[in-house]
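Analysis of the macromolecular model
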Amino acid sequence: MSFTSINGFKSCVALIVAAGRGRRFNSKIPKQWCDLRGRSLLRYSLGIFISHRAVNAVRVVINKDDRELYEIAASGLNLEEPILGGSTRQDSVRLGLEELTTIKPEIVLIHDGVRPFVDSDIIDRVIAGIENHDGAIPAVHICDTIKRVNSNGFVEETVLQKDLWRAQTPQGFCFSKLLLAHRLAIGKNCSDDAMVAEQANMNIAIVEGSQDNIKITNASDLRNANIRFTKSDDIRVSGGFDVHRFADGDHVTLCNTIIPHNASLEGHSDADVAFHALCDSLLGCISAGDIGCHFPDTDPRWKNANSEIFLTHAGSLIDSLGGKILHIDITIICQYPKIDCYRNTMIKRTAEILKIEESRISIKATTTEGLGFTGRSEGIATQTITTIRMPC
């Protein structure tokens, strides 16, 4: 796995902890796998971290008995193998950190898989907070008056709240320092990773959290989370554009459909120029960069890869964030080949991969009347416009 420098850091990996049993939740399955508007709680966190421009990789720590539930939650996403956790949250994080020693990221973000409403701004603030510190955690200042109560249920004293903050996740740290701190804290009962870091004398900054970044702890929290989705939706529109030149060959691939031609398209993968433009359009709707951010052409894994993989990932990211694809408009620009007799197949394949109705997809073709590189039959260009609906 290779990393690029982002925000001054060599690499940033998110470790999402989802190995807990959630005994207080009173459910047949652990709460991270419970349904929130048709998706598991964990899937929302997966989507926001995978789509974040500063996060190079996402790893998930799960319980050994939850592999099937994990596969459902992670379906369609470009994720590496999950990591098996331990008997406590602290053990699970340490085991996750030990697994990351093979790639040695510079910073690591630890996030609870049952905080589905974390947003990219919080992640940005945490990463920025680590620039001059060993770590940074998002937190919300406690404004309520705090009372200390004895075992008999009587108030003992009033605690001044001016220095009290409610910690959230993701909590970000210098990877090497947090790993050492966790190794030193084995057997101790620390409530979060900031506490582990504190005991190792790491300096931890506070950054602004969010009242929306709630942790789902009990059934009423999940009910309230569902209520959040009754708010009005956010309609987003984004465009995509891609070009591939012709090379020797006897067919082109457009929308996962083989079309005979006297040349092929040149590219690192299968050079499906239509799907590449569509991926960029979908990723743009959720501000998740472009196809190269997720599937760089420097990675040999994607050599001659079927672009169905890329489109599945882009569609799954939107799904994981609670979004729905409303309409796709694809315009293919070339003199040849003619696509009329392949249009229905192209629409069908696109709909099948994205799991949407065929009526939501429009595929058109046009020429440039002999003008430009497409007019000279040097290649094919595609532009797309995608409309999606996202929860506010």
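Before going further, it helps to examine helix α11 (residues 343–354). With twelve residues, α11 should reach 16 Å at 1.5 Å per residue; the first-to-last C-alpha distance of 17 Å fits that figure. Burial in α11 covers these residues: Met-346, Ile-347, Arg-349, Thr-350, Ala-351, Ile-353 and Leu-354. Looking at the packing, one finds that the buried side of α11 touches β14 (251–254), β15 (257–260), α8 (273–285), α10 (308–320), β17 (324–333) and β18 (361–366). Just past α11, the residue Lys-355 takes up positive phi, approximately 60°.

As a working rule, side chains carrying opposite charge can pair if their charged atoms are close by. Scanning the model with the defined rule gives 25 salt bridges in all. Here Asp-112 ties to Arg-89 by a salt bridge, and the two come within 2.9 Å at their closest N and O atoms. Residue Asp-112 is located in strand β6 (residues 107–112), and its partner Arg-89 is located in helix α3 (residues 89–99); the two are separated by 23 residues in the primary sequence. By relative accessible area, which is 8% here, Asp-112 ends up buried. On the basis of relative accessible area, Arg-89 is assigned to the partly exposed category, the value being 25%. We note a salt bridge from Glu-157 to Arg-148, for which the minimum N-O separation is 2.8 Å. Look at Glu-157 and you get partly exposed, because its relative accessible area is 38%. On the basis of relative accessible area, Arg-148 is assigned to the partly exposed category, the value being 42%. One network of salt bridges, in which partners are shared, links Arg-89, Asp-112, Arg-115 and Asp-193.

What follows concerns the nonpolar core. If you look at the biggest cluster of nonpolar residues, it comprises 76 residues, and the most contacted ones within it are Leu-46, Phe-49 and Ile-332. The leading source of residues in this core is α8, at eight residues. The contacts of Ile-332, once residues within four sequence positions are left out, are Leu-254, Ala-274, Ile-339, Met-346, Ile-363, Lys-364, Ala-365, Thr-366, Ile-380, Ala-381 and Thr-382. Within the second largest apolar cluster, 24 residues are counted, among which are Leu-100, Ile-110, Val-196 and Met-202.

Moving on, we get to the side chain of Ser-264. Relative to the helices and strands, Ser-264 is located in strand β16 (residues 264–265). Here Asp-250 takes part through its backbone nitrogen, which lies 3.4 Å from a polar atom of the side chain of Ser-264. Leave out the neighbours within four places in its chain, and Ser-264 touches Arg-245, Phe-246, Ala-247, Asp-248, Gly-249, Asp-250, His-251 and Val-252.

Turning our attention to the environment of Thr-158. Along the polypeptide, Thr-158 turns up in strand β9 (residues 155–159). Taking the relative accessible area as the measure of exposure, Thr-158 reaches 39% and is therefore partly exposed. Distance in space between the C-alpha atoms of Thr-158 and Leu-97 is 39 Å, their sequence separation being 61 residues. Residue contacts for Thr-158: discarding those within four places in its chain leaves Thr-145, Ile-146 and Lys-147. Side chain to side chain, Thr-158 and Lys-147 meet in a polar contact 2.6 Å long.

For the pair α10 and α11, interaxial distance at closest approach is 9 Å and the crossing angle is 50°. With respect to α11, the axis of α10 lies oblique. Facing Glu-308, Leu-311, Thr-312 and Gly-315 of α10, the residues of α11 in contact are Arg-349, Thr-350, Ile-353 and Leu-354. A breakdown of the residues in the contact of α10 with α11 according to their chemical character gives three nonpolar, three polar and two charged.

Conventions adopted
- Residues numbered from 1 in each chain as written.
- Predicted model: local features only at pLDDT ≥ 70, side-chain atom pairs only at ≥ 80, totals over all residues.
- Heavy atoms only, no water.
- Helix = DSSP H or I, 4+ residues; strand = E, 2+ residues; numbered from the N terminus.
- Expected span 1.5 Å × (residues − 1).
- Buried < 20%, exposed > 50% of the residue type's maximum accessible area, 1.4 Å probe, protein only.
- Contact = heavy atoms within 4.5 Å.
- Salt bridge = Lys/Arg side-chain N within 4 Å of Asp/Glu carboxyl O.
- Core = buried A, V, L, I, M, F, W, Y, C linked by side-chain atoms within 4.5 Å.
- Polar contact = N/O pair within 3.5 Å; in protein donor to acceptor, adjacent residues only side chain to side chain.
- Axes fitted to C-alpha atoms, helices over the stretch in contact; angles between N-to-C directions.
- Parallel < 35°, antiparallel > 145°, perpendicular 65-115°, else oblique.
- Nonpolar A, V, L, I, M, F, W, Y, C, P; charged D, E, K, R; others polar.

On their own, these measurements won't tell you what the molecule is for.
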